[in-house]
Amino acid sequence: MEATVFLTQIVDGKMQKVNLCESCSKEKGVNDPTGFALADLLLGIGDSQQIEKNPASVKCPVCGFTQADFKKTGRLGCSHCYTVFDDGIAPMLKNMHKGTAHTGKTPAKFHMTRQRGEKLKSLQDNLSKAVAAEEFEKAAELRDQIRLLEAEPV
Amino acid sequence: MKFSRIIANSGEWLSGDGPNRQIVVSSRVRLARNIRNKPFPGWAKKAERLEVMGLVKTAVEALPEMEESYSEPLESLSPLEKQVLVERHLISREHAAKAVGSAVVTNARQSLSVMINEEDHLRMQAICCGLQLGNVFDMINRVDSELESSLDFAFDSHLGYLTACPSNVGTGMRASAMLHLPALVMSDQINKIINSVNKIGLAVRGLHGEGTEAMGNLFQVSNQTTLGETEEEIIGRLNRVIEQIIEHEQNARALLSQRKPVTLHDQIGRAYGILCHAFSMSSKEALNLLSVIKLGIDLDVFPEAHRFPVDELFIETQPAHLQKGAQVQKMSSEERDTLRATIIRAKLNQMPGPDMSRLKISVPTATSKQ
Ligand SMILES: [Zn+2]
Ligand SMILES: [Zn+2]
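Calculation notes
- Residues numbered from 1 in each chain as written.
- Chains lettered and ligands numbered in written order.
- Predicted model: local features only at pLDDT ≥ 70, side-chain atom pairs only at ≥ 80, totals over all residues.
- Heavy atoms only, no water.
- Helix = DSSP H or I, 4+ residues; strand = E, 2+ residues; numbered from the N terminus.
- Buried < 20%, exposed > 50% of the residue type's maximum accessible area, 1.4 Å probe, protein only.
- Polar contact = N/O pair within 3.5 Å; in protein donor to acceptor, adjacent residues only side chain to side chain.
- Contact = heavy atoms within 4.5 Å.
- pLDDT = per-residue confidence, 0-100.
- Pairing = 2+ DSSP bridges.
- Axes fitted to C-alpha atoms, helices over the stretch in contact; angles between N-to-C directions.
- Donors = N, O, S within 2.8 Å, 3.2 Å for Na, K, Ca; no water.
- Tetrahedral: all angles 85-135°; square planar, octahedral: opposite > 155°, others 65-115°.
- Buried area = accessible area lost by both parts, 1.4 Å probe.
- Salt bridge = Lys/Arg side-chain N within 4 Å of Asp/Glu carboxyl O.
- Phe/Tyr/Trp six-rings, centres within 6.5 Å; stacked < 30°, edge-to-face > 60°.
- Core = buried A, V, L, I, M, F, W, Y, C linked by side-chain atoms within 4.5 Å.

## Looking at the side chain of Asn107(B)
All names here are of chain B.
Right, on to step 1. With respect to the secondary-structure elements, asparagine 107 resides in strand β3 (residues 103–107).
Right, on to step 2. A residue is classified by how much of its surface remains accessible, and asparagine 107, at 4% relative accessible area, is buried.
Right, on to step 3. From its side chain, asparagine 107 meets the backbone nitrogen of leucine 112 in a polar contact 3.0 Å long.
Right, on to step 4. Among residues more than four places away in sequence, those in contact with asparagine 107 are Ile6, Glu65, Met66, Glu68, Ser69 and Leu112.

Rendered as structure tokens:
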């Protein structure tokens, strides 16, 4: 029969792809959603795009944490894990919380870095405009301002 | 500061005053913070935990708020001492299970405490008497702002503060109030209240948090979600719900005193009789009976002067406090039950019996008429 369900299993760190037709897969219980652990679904197994990346082998470069570790503990390894496993964490956060974006307190340091970045960008935009309009005196002024801001310690 | 000095004084949240003090025992706000790119405590190796502990402990001890403080690595505390801190809500049960690489710092007033390497690198909390979540948040928010200049907190512009468990990400804040709700329990309305509070995304828990039994008619109400709302919005939502619960409890009290004065009289009288004359008492029985006495004080059946001694008994009769007070390392539960009964008898010795003629009868408001 035609294969309609593709099952990916990780055996000893190697990925094995098994093609099953619908009736076979039912027999093996693979399309029973409760048969899959929540963490697998959340962190990407079962999502075809993720399967190609073999998420089980993805390791956080900072702390060495893997998806299997998340499945075991329900906790992440370090703050950088949020970037590494973002694809899987985002839908989980959506189910768990009131919203998906933080709207609360921001550390002052972070706030300043962001403000500085925004200011730099607007100065650079103005500089390009001034150059394009051949307003060289204004451009020189803007260039000095940018240099000053860049020289400031963060 | 020594552990014995912490023990000698009860925390300010117990003895102090605050809005809605009769029903709201305490307000607490906890913030979870982590150091950027350092493995979270549950995933860190011992050396990494010790490194973070050193870093954080130094920063916390340097806070002006911690000028007079108690700071201790957990491995130098006995299991009994850790349990005393749990009973005072200064550390969590989870934190008490930790040893090398974890620590606790608390100020002398016991209104601020920082758990180092609990589930997150820092779990800092402020606790105050009565319903004042806004003030309590301000207290801990100031500490957090002071700490961020010396510690590099893991923060993401989109997700906010990054925590070991995704359920705390965003604000990293858990705000909670401990409520004393004897009338809602007596009138069988408590489950209805708990269910509706759960439905709007708030959690209701027992005396010592997650998975603990509700003893002494004490319930903790807290926010469940941390991402997508500001700290002020979360606290505002929680406050509105708590104010409604307070109103329901007050109405339940009014209804009991109006319609079932005999039942109320009987319960208060029995609680008083047992507490004054028992020779052996479990911690659960003590809390449940003390709760009825506390209600009696709220309803003017006992003189107001006895409020503080009764509130103190809620803490003093907890297992670790009993044992620590007796200066014994090992004690059987029978011995503890005997000692508990003795302490209660001694403390209530000066308290007159219930005077039901003084029973405060208030009229229930329209919303709760059945
Ligand atoms: Zn087949
Ligand atoms: Zn990591």
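So, next bit.
## Some details on the confidence of the model for chain A
Detail in the predicted coordinates should be disregarded across regions flagged by low pLDDT.
Right, on to step 1. The share of residues in chain A with pLDDT of 70 or more is 62%, and the mean pLDDT across the chain is 72.
Right, on to step 2. Note on residues 1–52 of chain A: pLDDT under 50 across the span, and 69 contacts to partners over four residues away in sequence or across chains.

## Re the sheet that holds strand β10 (residues 218–223) of chain B
Residue and element names in this part refer to chain B.
Right, on to step 1. What the 8 strands build is an open sheet, ordered β2-β3-β4-β5-β1-β8-β10-β9; its pairing is antiparallel. Each edge of the open sheet carries a strand with a single partner, namely β2 (69–73) and β9 (202–205). Each neighbouring strand pair of the sheet contributes to a mean axis angle of 15°, computed without reference to strand direction.
Right, on to step 2. Examined bridge by bridge, strand β8 (residues 173–180) and β10 share 5 bridges and lie antiparallel to one another. The partner of methionine 178 across the bridge, within β10, is glutamine 220.

## Some points on the coordination of the zinc ion (ligand 2)
All names here are of chain A.
Right, on to step 1. Each protein donor to the zinc ion (ligand 2) is listed here as Cys60 (SG), Cys63 (SG), Cys78 (SG) and Cys81 (SG); together their distances run 2.3 to 2.4 Å.
Right, on to step 2. What the 4 donor atoms of the zinc ion (ligand 2) show is an angle range of 99 to 122° at the metal, which sorts the shape as tetrahedral.
Right, on to step 3. Ordering the donors of the zinc ion (ligand 2) by residue number gives the pattern C-x2-C-x14-C-x2-C. Of this pair, cysteine 63 sits in the loop between α3 (48–53) and α4 (67–73) while cysteine 78 is found in the loop between α4 and α5 (81–84), placing the two residues 15 residues apart along the sequence.
Right, on to step 4. The exposure class assigned to cysteine 63 is buried, which follows from its relative accessible area of 15%.

## Overview of the interface of chain A and chain B
Right, on to step 1. Counting from both sides, the interface comprises 32 residues of chain A and, opposite them, 42 residues of chain B.
Right, on to step 2. Note on chain A versus chain B: buried area summed over both sides is about 3000 Å², and carbon and sulfur give 61% of it.
Right, on to step 3. For the chain A face of the interface with chain B, the top three residues by lost area are Tyr82(A), His102(A) and Lys105(A), together amounting to 24%.
Right, on to step 4. Counting across the interface, chain A meets chain B through 2 salt bridges.
Right, on to step 5. As a salt-bridge pair, Asp144(B) and Lys105(A) come within 2.6 Å of each other at their nearest N and O atoms.
Right, on to step 6. Summed over the shared surface of chain A and chain B, the result is 21 residue pairs in polar contact (both at pLDDT 80 or more).
Right, on to step 7. Of all elements in the fold, only α4, α6 (86–96) and α7 (108–132) of chain A reach the threshold of two or more residues within the side of chain A that touches chain B.

## Side note on the packing of aromatic side chains
Right, on to step 1. Taken as a whole and judged by the stated rule, the model has 5 aromatic pairs over all chains.
Right, on to step 2. With 4.9 Å between their ring centres and 70° between their planes, Phe110(A) and Phe155(B) make a pair best called edge-to-face. Of the two residues, Phe110(A) is situated in helix α7 and Phe155(B) in strand β6 (residues 155–156); the pairing between them involves two chains.
Right, on to step 3. Look at Phe155(B) and you get buried, because its relative accessible area is 4%.

## Description of the nonpolar core
Residues and elements named next belong to chain B.
Right, on to step 1. Counting residues in each nonpolar core, the largest one holds 93 residues, and the members touching the most others are Val60, Leu122, Ile140, Leu147, Ile242, Ile245 and Ile293.
Right, on to step 2. Considering each element in turn, this core owes the most residues, 9 residues, to helix α9 (residues 231–259).
Right, on to step 3. Once residues lying within four places of it in the same chain are set aside, the contact partners of valine 60 are Met66, Val105, Val114, Leu122 and Leu147.

## A few points about the pattern of salt bridges
Right, on to step 1. By the definition in use, this model includes 24 salt bridges over all chains.
Right, on to step 2. Here Lys324(B) and Glu81(B) are joined by a salt bridge, their closest N and O atoms 3.5 Å apart. Taken together, the positions of Lys324(B) in helix α13 (residues 319–325) and Glu81(B) in helix α4 (residues 79–87) put the pair 243 residues apart, joining distant regions of the chain.
Right, on to step 3. Taking the relative accessible area as the measure of exposure, Glu81(B) reaches 16% and is therefore buried.
Right, on to step 4. With a shortest N-O distance of 2.9 Å, Arg253(B) and Asp298(B) are connected by a salt bridge. Highlighted residues: Arg253(B) in helix α9 and Asp298(B) in helix α11 (residues 283–298), separated in sequence by 45 residues. Judged on exposure class, the residue Arg253(B) and its partner Asp298(B) are both buried.
Right, on to step 5. What you see here is one network of salt bridges that share partners, running through Arg75(A), Glu118(B), Glu119(B), Asp120(B) and Arg123(B).

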